[in-house]
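Okay, here's what each chain looks like letter by letter:
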Amino acid sequence: MESQITKLQNSLLVWYCSNGRHSLPWRNKTIPNRAYAVLISEIMLQQTQVKVVLERYFFPFLEKFPDLETLSQATEEEVLRLWQGLGYYTRARNLQKLAKICAKTGLPKEAESLVKLPGIGAYTAGAVACFGYNQCVSFVDSNIKRILIRLFALKNPAQKILEEKARLLLNKKDSFNHNQALLDLGALICTAKSPKCEICPISKFCQGKNHLQALATKKQMRNLKKSLYLAICIKDSKIALVKSTQKLYYGLYNFPEILQKDSTKLQNIGILKHAYTKYNLSVHCYIVPQHIIANSKFKFFPLDALSTLPLSSLALKVIKLLEVKSLLKP
Ligand code: SF4
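Residues numbered from 1 in each chain as written. Predicted model: local features only at pLDDT ≥ 70, side-chain atom pairs only at ≥ 80, totals over all residues. Heavy atoms only, no water.

**Student:** I'd like a description of the overall build of the protein, backed by residues and values.
**Tutor:** Helix and strand counts for the protein stand at 12 helices and 7 strands. C-alpha atoms of the protein, sized along the principal axes, occupy 80 × 50 × 30 Å. Residues classed as buried in the protein amount to 48% of the 330 residues present. Of the contacts formed within the protein by residues at least 6 apart in sequence, a portion of 67% connects residues at least 24 apart. As displayed, the protein offers around 17,800 Å² of accessible surface, 53% of which is attributable to carbon and sulfur atoms. (Helix = DSSP H or I, 4+ residues; strand = E, 2+ residues; numbered from the N terminus. Buried < 20%, exposed > 50% of the residue type's maximum accessible area, 1.4 Å probe, protein only. Contact = heavy atoms within 4.5 Å. Areas by Shrake-Rupley, 256 points an atom, 1.4 Å probe, with all protein chains shown as cover.)

**Student:** Could you give an account of empty space enclosed by the protein, with specific residues and numbers?
**Tutor:** Rolled over the atoms, a probe with the dimensions of a water molecule shows which regions are left empty. Tallying each qualifying case throughout the model produces 2 cavities of 30 Å³ or more. Within this model, the largest cavity holds a volume of roughly 120 Å³. Residue lining of the largest cavity: 15 residues in total, with R150, C190, C197, C200 and C206 positioned closest to the centre. Tallying contributions element by element places helix α9 (residues 142-151) first for the lining of the largest cavity, with 3 residues. Estimated volume of the second largest cavity: approximately 30 Å³. Lining of the second largest cavity is provided by S138, F139, I144, L148, A166, L169, H178, N179 and L182. Breaking the lining of the second largest cavity down by element, the ones donating at least two residues are α9, α10 (159-169) and α11 (175-188). For the lining of the second largest cavity, the leading source of residues is α11, giving 3 residues. Split by residue class, the lining of the second largest cavity holds 6 nonpolar, 3 polar and no charged. (1 Å grid on protein atoms, 1.4 Å probe; cavity = no way out; pocket = protein on both sides within 12 Å on 5 of 7 lines; lining within 4 Å. Points joined across faces, edges and corners; volume = space filled by probe spheres on them. Nonpolar A, V, L, I, M, F, W, Y, C, P; charged D, E, K, R; others polar.)

**Student:** Could you give an account of the pairing of strand β5 (residues 267-276), naming the residues involved and the relevant values?
**Tutor:** For β5 and strand β6 (residues 279-287), the ladder comprises 9 bridges, and the chain directions are antiparallel. Bridging from a neighbouring strand, N268 pairs with Y286 of β6. Taking the residues that link successive antiparallel strands as the turn, the β5-β6 hairpin has 2 residues, and the phi of T277 there is positive, at about 40°. (Pairing = 2+ DSSP bridges.)

**Student:** Could you give an account of unusual backbone geometry, naming the residues involved and the relevant values?
**Tutor:** Even without a glycine there, the phi angle at N33 is positive, about 55°. Residue placement: N33 occurs in the loop between α1 (4-19) and α2 (34-45). Of note in the backbone geometry, N156 takes a positive phi value of approximately 45° without being a glycine.

**Student:** Hey, could you go over the pattern of salt bridges for me, with residue numbers and the actual values?
**Tutor:** For the structure on display, the rule yields 7 salt bridges. Note that D184 and R21 form a salt bridge whose closest N and O atoms lie 2.8 Å from each other. Taken together, the residues span a long stretch of sequence, with D184 in helix α11 and R21 in the loop between α1 and α2 at a distance of 163 residues. Linking D184 and R27 is a salt bridge whose minimum nitrogen-to-oxygen distance equals 2.8 Å. In this pair, D184 is assigned in helix α11 and R27 in the loop between α1 and α2, connecting sequence segments 157 residues apart. The class of D184 is buried, set by a relative accessible area of 0%. In the salt-bridge network here, residues are joined through shared partners; they are R21, R27 and D184. (Salt bridge = Lys/Arg side-chain N within 4 Å of Asp/Glu carboxyl O.)

**Student:** Outline the nonpolar core, listing residues and values.
**Tutor:** Buried together is how nonpolar side chains tend to be arranged in soluble globular proteins. Counting residues in hydrophobic clusters, the biggest one holds 99 residues, and the most contacted among them are F61, W83, L107, I202, L241, F255 and V318. Among the elements that take part in this core, α2 stands out by supplying 8 residues, more than any other. If we skip the residues at most four places from it in the chain, W83 touches I43, M44, Y57, F61, Y88, Y89, R91, A92 and L95. Grouped together as the second largest cluster of nonpolar side chains are 11 residues, A231, A240, L266 and F298 included. (Core = buried A, V, L, I, M, F, W, Y, C linked by side-chain atoms within 4.5 Å.)

**Student:** Before we move on, could you go through helix α12 (residues 313-324) and cite the residues and values that matter?
**Tutor:** Since one α-helical turn is 3.6 residues long, residues separated by three or four positions face the same way. Compared with an ideal rise of 1.5 Å per residue, which puts 12 residues at 16 Å, α12 spans 17 Å between its outermost C-alpha atoms and is within 8% of the ideal. Within α12 the residues assigned to the buried category are S313, L314, A315, V318, I319, L321 and L322. Against β1 (224-232), β3 (238-243), β4 (253-254), β5 and β6 lie the buried residues of α12. Remark: S326 follows α12 within two positions and exhibits a positive phi of approximately 55°. (Expected span 1.5 Å × (residues − 1).)

**Student:** Residue-level account of the environment of E164, with values.
**Tutor:** Along the chain, E164 falls in helix α10. Here E164 falls in the partly exposed class, since its relative accessible area comes to 39%. Separated by 26 residues in sequence, E164 and S138 have C-alpha atoms that sit 9.1 Å apart.

**Student:** Requested: an account of the layout of surface pockets, with residues and values cited.
**Tutor:** The volume enclosed by the second largest pocket comes to roughly 510 Å³. Around the second largest pocket, the lining is made up of 21 residues, and of these S244, Q246, N254, F255 and E257 lie nearest the centre. Elements supplying a minimum of two residues to the lining of the second largest pocket: β1, β3 and α12.

Here it is in structure tokens:
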């Protein structure tokens, strides 16, 4: 007799067949250099929405760096330039480190080897092994974790328990589509805020659907307020920028900061809102004479360098403001 797990797997696959996001390019098994394309998509999709990756980042990156070899030979600025606006730039730098390690040998096929590479966690290793190489492995990302918690009614489960449940659920006859189906179920049906249990293909197997509140995981605080004071210093058609050495923005160019006390007599050209990690920033932008930022490590760049330098997403917002105010004319 068919077990409950087999029935659940079949229901999931039937649903995926007609409702899954099959057209996502990294799911296309004929895409050239498939494991590499899957790796790039998985790294980009960490912390970034599918729509953004699809429309603005995935294809330009693959066009410029079609394989590990070209990526390993690029300069850090070239890579960061294509990552510009995606945020979490450590991902791009780790990708390049990985490319340097694997350029000659190729990407490993096994999750156990992939997980030893820079920037690759257990989920990404499993996803690349399964979606890039058809390996029969399970893994747990935030979407799959939510489904497992609800499906098995698990209260604050340890990662080990979640991995055991994912292994138990794995459809060994079709792990590729099974794992894609779980990712889509989490993104489209078993969503964090409003799960659609009434149309869920695995509803009849779900032990937690009537206890969703009790199974909710705690959200990370994301709304700490902070103010930032930025200097816009333009002189002889050149603009002052600082190359960041902070972990989050390492290697990217930003506008120099000034102290709040130095801003009182300066011309304020606007206040921008910007969110990063757990902070909601109010960014105050000032036209600043050079001596106010004399102690900072800024450099002057020609205005046309703004279209070639890797810039932080905050710097890109400031540039838009300067364009609107017609302050970037040579
Ligand atoms: S029945 Fe509801 S809670 Fe259970 S897996 Fe489906 S959508 Fe999620």
